[in-house]
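As a plain string of letters, each chain reads:
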Amino acid sequence: MIGCENLANVITIDREFVTLGQLLQMLDVVSTGGMAKAFLSEHPIYINGEQDNRRGRKLRNGDVVLIPGTGKVKIEQAL
């Protein structure tokens, strides 16, 4: 995938998907779902190059998320 060579993190999930809000909590960007909602209203998040601020957005294997202050995160599903 183009643009993935400078990834800050690779997150491995053991299920089909993780939500954007859950990812922000996993990365310690926020500590609660309410904080995730506020964070997303104030910061542009890009998923696979497209801006998205839905904390319920399902992230699946191969998705790349750009988070301000954290960098790029690639989602990988455990085998």
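Source: prediction; values computed, not measured.

Undergrad: So what exactly am I meant to see when it comes to the pattern of salt bridges here?
TA: Should the charged atoms of two oppositely charged side chains come close, the side chains can pair. Following the criterion strictly, the structure yields four salt bridges and no others. Here glutamate 16 ties to arginine 60 by a salt bridge, and the two come within 2.8 Å at their closest N and O atoms. Taken together, the residues span a long stretch of sequence, with glutamate 16 in the loop between β1 (9-13) and β2 (17-19) and arginine 60 in strand β5 (residues 58-60) at a distance of 44 residues. Residue class for glutamate 16 comes out exposed when judged on its relative accessible area of 51%. Judged by its relative accessible area of 33%, arginine 60 is partly exposed. Across the salt bridge formed by arginine 54 and aspartate 52, the nearest N and O atoms sit 2.7 Å from each other. Residue classification places arginine 54 among the partly exposed residues on the basis of a relative accessible area of 48%. One continuous salt-bridge network, built from bridges that share partners, spans Asp52, Arg54 and Arg57.

Calculation criteria
Residues numbered from 1 in each chain as written. Predicted model: local features only at pLDDT ≥ 70, side-chain atom pairs only at ≥ 80, totals over all residues. Heavy atoms only, no water. Salt bridge = Lys/Arg side-chain N within 4 Å of Asp/Glu carboxyl O. Helix = DSSP H or I, 4+ residues; strand = E, 2+ residues; numbered from the N terminus. Buried < 20%, exposed > 50% of the residue type's maximum accessible area, 1.4 Å probe, protein only.

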